[in-house]
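# Structural overview
For reference, the chains in residue letters:
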Amino acid sequence: MVQKAASIASSTPSVSWRGWLWDSADVSKEERRFLLKLDFTLLTFGTLGMLIKWIDTSNITNAFVSGMKEDLNLYQNQYNYIIVSWTVGYIVGQWPSNFILTRVPAHIFTFALAGAKSYTHLLALRFVVGLFEAGYWPALYYILGSWYNKRELGKRNGILQSAVSIAPIFSGFLQSGIYNSLNGKAGLAGWRWLFIINGVISLPVAVLAYFFLPDTPHTAKPTWVFTERDIEIAKERMERVGRQPEGKPYTFKTILGYLTSWKTLLFTLIFTMQPFTSAPSTSFVFWLKAHNKKGKPPVYSISQINEYPTIANAFNAVYSLLTVWISDGPLRGRRWPTIIFGNLVAIVVFVLLVVTPVFGPFSHRAPLYIVCGIGGSAVPLTMAWMAELISDNAEQRAFTAASMNTLQFTPGNRGAAVVAGLNVLVFSLITYLAHREKLQKKRNGQLAPTNGVLDSETQSTDGDEKKAVVVGDKEIVPVEKI
């Protein structure tokens, strides 16, 4: 006789408008409480940590256009070399950073940037900041993919990634406010105060994130936040969508298998090209500053140079959130339609940036800078898609996330237009291969229920009648939906 157990997974997919707005509206009361805890801890403090990380990343640009360039005599390609030093540290620290961060907090080096006296000091300090920040981004996406199912993951990834767009907004207005109110206070320039205040903000967030961010379901221990029952719920949810836990050993053969897997290769290739479609938007702030010529009245004030580019960041945040809600809701977990659409629009925008005169009216070129990040807004859905396609191998998911985040390069507008077209081709190839694999698994009887809910053959069609679903050696009987 098959053992029966109460299921915590929702018995119906998100078909109501409430379920599309927020998926927990369609789940059982117990699962809803669990998701509330998860969103409050993992999503909230993960997003705050991501916000601080990207403020640390973007504040160098705001400082550069707010007096640092002149104070430290930074000219020609020295700014680019400072960015490269951070990138080198970021690449080197991808794997060991998770161990280093348990001993030394990265915000110490954000404080230290305020005391930089020369170009050489900036190079060294930015390298260390990149080294310490390296593992946070891929690790957080990996952990999200270990707790949330398909109909939940896109939205959470979108909220997390929105911090990347919100951080420059915060940093821009922060630098503007600091420059107007603190420039010259205690003998320090406004850009130095930016690094000091940034470090002060980082400290409490880092402490809270340390205590509230959970491990993955199969490595987590019961705490005052997550009980033993919560961890059981998490494991069952992941089992239902075929997401396998950690435990497979890393061997040369295993890693070679990852490197030859089309999933690891193509998703890494996409992220190698992804900065090509994001980089032109970062030129907005330098385009504004370039209008100010030495010895002539400034065309744009320091406040305007810091604040105008935040419009582009706001657009990216809103558009990215819109696409993840559409993907999780009306598109029922399909990732490719909005991703490919964004890249097609990006091609047009990048071509217009190439042919539009550089020094023309604000209304001619600025709108293109504002919307040109539309192709790069696919990051949260791309990460969700990767986690879903590599559900059966936790180690490969972690390896692929780190690989995607390591191999990134930055071009100009022409390169961005070409690469946006290549992105369309690669995403189309991933769509085809994923569909082919799904059909193969269906033929072999290996296809797990999708979206974290029951497939059509297991959904209730007769009022309150619900059919059982077998998970492992247990028959799971759905509870009443509330």
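Residues numbered from 1 in each chain as written. Predicted model: local features only at pLDDT ≥ 70, side-chain atom pairs only at ≥ 80, totals over all residues. Heavy atoms only, no water.

So, on to the overall build of the chain. Broken down by element type, the chain carries 19 helices and three strands. Counting every position in the chain, which comprises 482 residues, the buried fraction comes to 53%. Only carbon and sulfur atoms are counted for the fraction: they give 65% of the accessible area of the chain, which is about 21,700 Å². (Helix = DSSP H or I, 4+ residues; strand = E, 2+ residues; numbered from the N terminus. Buried < 20%, exposed > 50% of the residue type's maximum accessible area, 1.4 Å probe, protein only. Areas by Shrake-Rupley, 256 points an atom, 1.4 Å probe, with all protein chains shown as cover.)

Turning our attention to the environment of A402. Considering the arrangement of structural elements, one finds A402 in helix 18 (residues 394–406). As for A402 and T268, which are separated by 134 residues in sequence, their C-alpha atoms are 9.0 Å apart.

Compared with the 33 Å implied by 1.5 Å per residue over 23 residues, the 34 Å span of helix 9 (residues 190–212) between its first and last C-alpha is a close match. Within helix 9 the residues assigned to the buried category are G190, W191, R192, W193, L194, F195, N198, G199, S202, V205, A209 and F212. (Expected span 1.5 Å × (residues − 1).)

What follows concerns the packing of helix 7 (residues 136–147) against helix 8 (residues 150–182). Contact geometry for helix 7 and helix 8: axes closest at 10 Å, N-to-C directions at 155°. The pairing of helix 7 with helix 8 is recorded here as roughly antiparallel in orientation. Crossing of helix 7 over helix 8 shows right-handed handedness. In this structure, helix 7 contributes W137, L140, Y141, L144 and G145 to the contact, and helix 8 contributes L153, R156, N157, L160 and Q161. Tallied by class, the residues present in the contact of helix 7 with helix 8 amount to six nonpolar, three polar and one charged. (Axes fitted to C-alpha atoms, helices over the stretch in contact; angles between N-to-C directions. Parallel < 35°, antiparallel > 145°, perpendicular 65-115°, else oblique. Left-handed = near helix turned anticlockwise from the far one by under 90°. Contact = heavy atoms within 4.5 Å. Nonpolar A, V, L, I, M, F, W, Y, C, P; charged D, E, K, R; others polar.)

Moving on: the confidence of the model for the chain. Put simply, the chain has an average pLDDT of 77, and 81% of its residues get 70 or more. Contacts from residues 9–14, a stretch scored under 50 in pLDDT, to residues over four places away or in other chains number 31 contacts. (pLDDT = per-residue confidence, 0-100.)

Between two packed helices, both the angle of their axes relative to each other and the distance between the axes serve to describe the pair. In the contact formed by helix 7 and helix 10 (residues 228–240), the axes pass within 8 Å of each other and the chain directions differ by 85°. By the angle between their directions, the pair helix 7 and helix 10 is classed as roughly perpendicular. Residues G145, S146 and W147 of helix 7 form the contact with helix 10, whose participating residues are A234, R237 and M238. Along the lines of polarity and charge, the residues of the contact of helix 7 with helix 10 split into three nonpolar, two polar and one charged.

This part covers the packing of aromatic side chains. For any pair of aromatic rings, geometry is given as the distance between the ring centres together with the angle between the planes. Using the criterion set out here, one finds 24 aromatic pairs in the structure. Ring centres of F284 and W287 lie 6.1 Å apart, and the angle between their planes is 40°; this geometry places the pair in the tilted category. Here F284 pairs with W287, and both are found in helix 12 (residues 262–290), just three residues apart, close to one helical turn. Of the two residues, F284 and W287, both sit in the buried class. Ring centres of F284 and Y369 lie 5.3 Å apart, and the angle between their planes is 15°; this geometry places the pair in the stacked category. In this pair, F284 is assigned in helix 12 and Y369 in helix 16 (residues 362–371), connecting sequence segments 85 residues apart. Here F284 falls in the buried class, since its relative accessible area comes to 0%. For Y369, a relative accessible area of 4% translates into the label buried. Taken together, F284, W287, Y300, Y308, F362 and Y369 form an aromatic cluster joined through their ring pairs. (Phe/Tyr/Trp six-rings, centres within 6.5 Å; stacked < 30°, edge-to-face > 60°.)

Summed over all chains, the structure comprises 14 salt bridges. Of the charged contacts, one joins D328 and K155 as a salt bridge, the two residues approaching to 3.3 Å between their closest N and O atoms. Taken together, the positions of D328 in helix 14 (residues 310–328) and K155 in helix 8 put the pair 173 residues apart, joining distant regions of the chain. Of the two residues, D328 and K155, both sit in the buried class. Its salt-bridge partner being D328, residue R335 comes within 2.6 Å of it at the nearest N-O pair. For the residue pair R335 and D328, the accessibility class agrees, reading buried in each case. (Salt bridge = Lys/Arg side-chain N within 4 Å of Asp/Glu carboxyl O.)

All right, on to a nonpolar patch on the surface then. Where nonpolar side chains cluster on the molecular surface, the patch consists of V348, V351, L352, V354 and V355 and spans about 390 Å² of accessible area. Residue position: V348 is located in helix 15 (residues 336–355). (Patch = residues over 30% accessible without salt bridge, like charges linked within 9 Å, V, L, I, M, F, W, Y side chains within 5 Å.)

What follows covers a positive patch on the surface. A cluster of like positive charges, contributed by R332, R334, K438 and K442, occupies part of the molecular surface. In this fold, K442 is placed in helix 19 (residues 413–443). Owing to a relative accessible area of 52%, K442 belongs among the exposed residues under this scheme. (Lys, Arg positive; Asp, Glu negative; His and termini not counted. Charge placed at Lys NZ, Arg CZ, Asp CG, Glu CD.)

Right, let's get into unusual backbone geometry. Phi is positive for N73, close to 55°, though the residue is something other than glycine. By secondary structure assignment, the location of N73 is in the loop between helix 2 (29–71) and helix 3 (78–92). For N73, a relative accessible area of 53% translates into the label exposed. The phi angle at A186 is positive, at roughly 55°, despite the residue not being glycine. Judged by relative accessible area, which is 72%, A186 ranks as exposed.

With 64 residues, the main nonpolar core has M50, W147, Y148, M383 and I430 as its most contacted residues. Take this core: its biggest share by element is nine residues, from helix 2. Residue-level mapping places this core at the junction of two domains, with at least three residues from each of domain 1 (25–243) and domain 2 (252–412). Setting aside residues no more than four positions away along its own chain, Y148 makes contact with L35, L38, D39, L42, L43, L153, R156, R237, M238 and R243. Core analysis: the next-biggest nonpolar cluster, separate from the first, contains 38 residues, I60, M68, F195 and L353 among them. (Core = buried A, V, L, I, M, F, W, Y, C linked by side-chain atoms within 4.5 Å. Domains from an automatic or database assignment.)

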